[in-house]
Every structure is written in structure tokens, then in C-alpha cells.
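Now for the letters of each chain:
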Amino acid sequence: MRVAARPSDLVGGTPLIDLSSLVPNHNATLLGKLESLGPCSSVKDRLGKSMIDQAEKEGRLIPGKSVLVEPTSGNTGIALAFIARERGYRCILTMPETMSVERRIMLLALGAEVVLTPKEKAVPGALAKAKEILEELGDKGVMLNQFENPANPKIHRETTGPEIWRDTDGKIDIFVSGVGTGGTVTGVSQYIKGCPEFDCPPLKPDLYTVAVEPQEQMLITEARGGEKIGQQGPHKIQGMGAGLVPKVLGIDLLDEVVPVHSSKAEEMTFKLWMMGLPTGVSSGAIVEAAVQVCSRPENKDKVAVCIIPSFGERYFTHPMFAETKAKAEALTKQPLPEPFDNTEFGFATPRG
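Per chain, residue numbering runs from 1 following the sequence as it is written. Local features in this predicted model are restricted to residues whose pLDDT is 70 or higher, and side-chain atom pairs enter the listing and the counts only when it is 80 or higher, whereas totals over whole chains, interfaces and linings include all residues. Side-chain measures were taken over the full set of non-hydrogen atoms in the model, leaving aside hydrogen atoms and water.

### Remarks on unusual backbone geometry
- Omega for the peptide link from glutamate 338 to proline 339 comes to 15 degrees, which places this bond in the cis form.
- Numbering of helices and strands runs from the N terminus, with a helix taken as a DSSP run of H or I at least four residues long and a strand as a DSSP run of E at least two residues long. Along the chain, proline 339 falls in the segment after helix H10 (322-330).
- Positive phi values are uncommon outside glycine, yet asparagine 145 reaches one of about 55 degrees.
- Turning to its location among the elements, asparagine 145 is positioned in the loop between strand E6 (141-142) and helix H5 (151-167).

Below is the structure:
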């Protein structure tokens, strides 16, 4: 019998889906890795498990005593919350007030404590608040610090990268990933391109690695010496563009950074929904960037893999769903056919 003993044992092993129909003239093969099919529906399930496993191994986390404190844009928090519930840790999460109500409900339902911080300071503000809470807790508090924790890229070297290599039969040419903490794009690239520091032999040194960031917050582009495009500031792509350049991000591994505007990310997200693939807006941004790259003449007949970070049901209060939400709320019941008497259901006449 193949049975998981606990929820965190289900993390990883996500499938690939063919998204090539989105690429004009099928110039290249585009595959999406459905991290949305994890136990708590996001790529951050891997990160949460990796960081908690490592902290337990090091003796930093003690069930019944330790309190997890972490700044998050939502999905890492959900991953930490479900594993904390599974293993008996109190969990306090700080997050910008712009994060969706669905994420807040999910965290609270999993028993976590949620502290909102001003949207103007994005994740750095949540980080400052988390550090304040950590000080108040004394030796009970443990911050795993997803933006700096080496267990972050490690899990993608050990699981995500090998899965992609195996499932593409080693035919991957291009890898496209958003940057929240930077762990996914770093770990997968280290595994496939090769990284002597972590005993990763070069499987395909010329893998073309593409990072995706919001056009409204081009900090990674700037860090690589590029120029910003348009007005910079708040954006609507939850889970990306955290307002900092993560320390775990291997900038030297990136061959290109593609900026995607929030409006373009939303347009692609709707396209994915219309394909029967419910995703969040960060998935829309990543697929939009992947389609741009796959459409280039030099990439004809190449194979690209992009990350689909999370499931779409978590984003219904995002502004992009405002019209759909209004339609749902405006729906009214309809009368039933004979022999039903519709006056029994609040209608004015038997036929409605």
C-alpha cells in the first residue's frame, strides 16, 4: 500500500502540463510544473517542509516549546502553518495588509496567529515586525527566515530540479521562475547547470535561466545593472516582488530577468483559467514571461519549463476577480418547472 503518514509527506512530486498552445505558432514547447497540486497548493510547501525539517535536525525547534515567527506574503506562511499544526508548534506570521483575505482565512483556520503590517513597506515591514515579536518571545522564538535560509534553495536542488530533469528526459532548454524568495530559480538552476559547491554535476550547463519580477518593482533587474521600466512602486502580483533582493537568490545563475506588468499578469491568469487551469496571478506573470521567451526565433523547437506556483482559489478577493465576484453576488434563484408551486420558494406566482 502506498499511503502517506502525514500531510507533509505529500510535498513534491508535482506533474508537468503542456502549455504550448499559448505560444504563437507553437514555436517552442512550453511546460508548466503544477506546484499548485501540493498539499497546501503552492510551491512554498517544499520550502516550509525543508526549513522545519532542517531546524528540527539542528535542534532549534522543540515541539511544545518553540514558537515559529516568520514574515510572509502568504504562501510560505500557509506552508509553515500546516506543518506547525502537524508537528505541534505555535506559529505567528506577519504579512503585508495587501495579502488576500483567502490567505488570511487559511492561516487562521490552520491555527496560526496573523499580524498585518503596512502595505507601503511590503515584506521588509513584515520582517521588521517579525523581529520585534521574536525579541518579545526570547529563547522560545525561532525565525526560519525564508529569504536567507540555505534550506530554501536546497530543497529545490534535491527535489524540484531532479523532478524537472526526470520528467523532461533531460530535454529542458529554458527554465522560467518567478522570484519571491529566490529559492526555486536558484536551486533548480544549480541542479541542472551544475554547482560544485553542492556536488551537483553539470547536467546541462547551457540551461537558459529566466527570472520573472513585477515591472513595477524591478529590483533584480537593477541589481544586475539593468534599467527600470516605467513607474516603480506597489504591484498586484502576490508572491513576487517582495521589495528586496533575497540573499538566497543566485543572481549569477540568471541569464535574463523578464519584467511583467501586473495588468499583463492578470490577462494571462484569465487565459489559464479559460484553459481550465485555476492559478494565481504570479502564475500568470511567469507564464506571460515564458510565452515571450518561447516566442523568439532563436528558441524555435526548444523545451521550456515554467513554475506554476499556486492554486487560483486563494485569490478570489484579488482586484482581478472583482467583476467575477460582482456577477456571482448578483445571481438570483430561478423558478422551478411544473408541478412545483414556486410561491413556496418566495416567488409571486406558482410559475414564478
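### Things to note about helix H2 (residues 75-87)
- Expected helix span is computed as 1.5 Å times (number of residues minus one). For H2, with 13 residues, the first-to-last C-alpha span of 18 Å sits near the 18 Å given by 1.5 Å per residue.
- Each residue is assigned to one of three classes by its accessible area relative to the maximum for its type, calculated with a 1.4 Å probe on protein chains only: buried under 20%, partly exposed between the two thresholds, exposed over 50%. With eleven of its 13 residues buried, H2 lies for the most part within the structure.
- Of the residues making up H2, those classed as buried are Asn75, Thr76, Gly77, Ile78, Ala79, Leu80, Ala81, Phe82, Ile83, Ala84 and Arg87.
- For H2, the secondary structure elements touched by its buried residues are helix H1 (44-57), strand E3 (67-71), strand E4 (90-96) and helix H3 (101-109).
- Where H2 ends, the next residue or the one after it, glycine 88, has phi of about 90 degrees, a positive value. Residue contacts are defined here by distance: any two heavy atoms, one from each residue, within 4.5 Å place the two residues in contact.

### Some details on the packing of H2 against H3
- Each axis is a line fitted through C-alpha atoms, taken for helices only over the stretch in contact, and angles between the N-to-C directions span 0 to 180 degrees. In the contact formed by H2 and H3, the axes pass within 9 Å of each other and the chain directions differ by 15 degrees. As far as their axial angle goes, H3 and H2 are roughly parallel. Considering how the two elements wind past one another, H2 and H3 form a crossing that is left-handed. The segment H2 lies against H3, with Asn75, Gly77, Ile78 and Ala81 engaging Arg103, Met106 and Leu107. Comment on the angle field: the value is read as roughly parallel under 35 degrees, roughly antiparallel over 145, roughly perpendicular from 65 to 115, and oblique elsewhere. Here a crossing is called left-handed whenever its near helix is offset anticlockwise from the far helix by less than a right angle, and right-handed whenever the offset is clockwise.

### A short note on the domain arrangement of the protein
- Domain delimitation in this document rests on an assignment produced automatically or drawn from a domain database. Along its sequence, the protein is organised into domain 1 (7-37 + 166-324) and domain 2 (43-143).
- Between the C-alpha centres of domain 1 and domain 2 there is a distance of 24 Å.
- Opposite the 22 residues of domain 1 that make contact, domain 2 presents 23 residues.
- What gets called buried area is simply the loss in accessible area from a 1.4 Å probe that two parts show on being joined, summed for both. Both sides of the domain 1 and domain 2 interface together cover about 1800 Å² of buried area, and 53% of this is carbon and sulfur.
- It is Ser8, Gln238 and Arg314 that lose the most area in domain 1 upon contact with domain 2, and together they represent 33% of the buried surface on that side.
- The salt bridge definition used is simple: a Lys or Arg side-chain nitrogen within 4 Å of an Asp or Glu carboxyl oxygen. Inspection of the domain 1/domain 2 interface yields one salt bridge.
- The salt bridge partner of arginine 46 is glutamate 35, with a shortest N-O separation of 2.7 Å.
- Between N or O atoms, a polar contact is any pair within 3.5 Å; within protein, one atom must be a potential hydrogen donor and the other a potential acceptor, and residues adjacent in sequence are included only when both atoms are from side chains. Applying the counting criterion to the domain 1 and domain 2 interface returns 15 residue pairs in polar contact (both at pLDDT 80 or more).
- Residue classes follow a fixed rule: Ala, Val, Leu, Ile, Met, Phe, Trp, Tyr, Cys and Pro count as nonpolar, while Asp, Glu, Lys and Arg count as charged, and any other residue, Gly among them, counts as polar. Partitioned by chemical class, the residues of the side of domain 1 that touches domain 2 number seven nonpolar, eleven polar and four charged.

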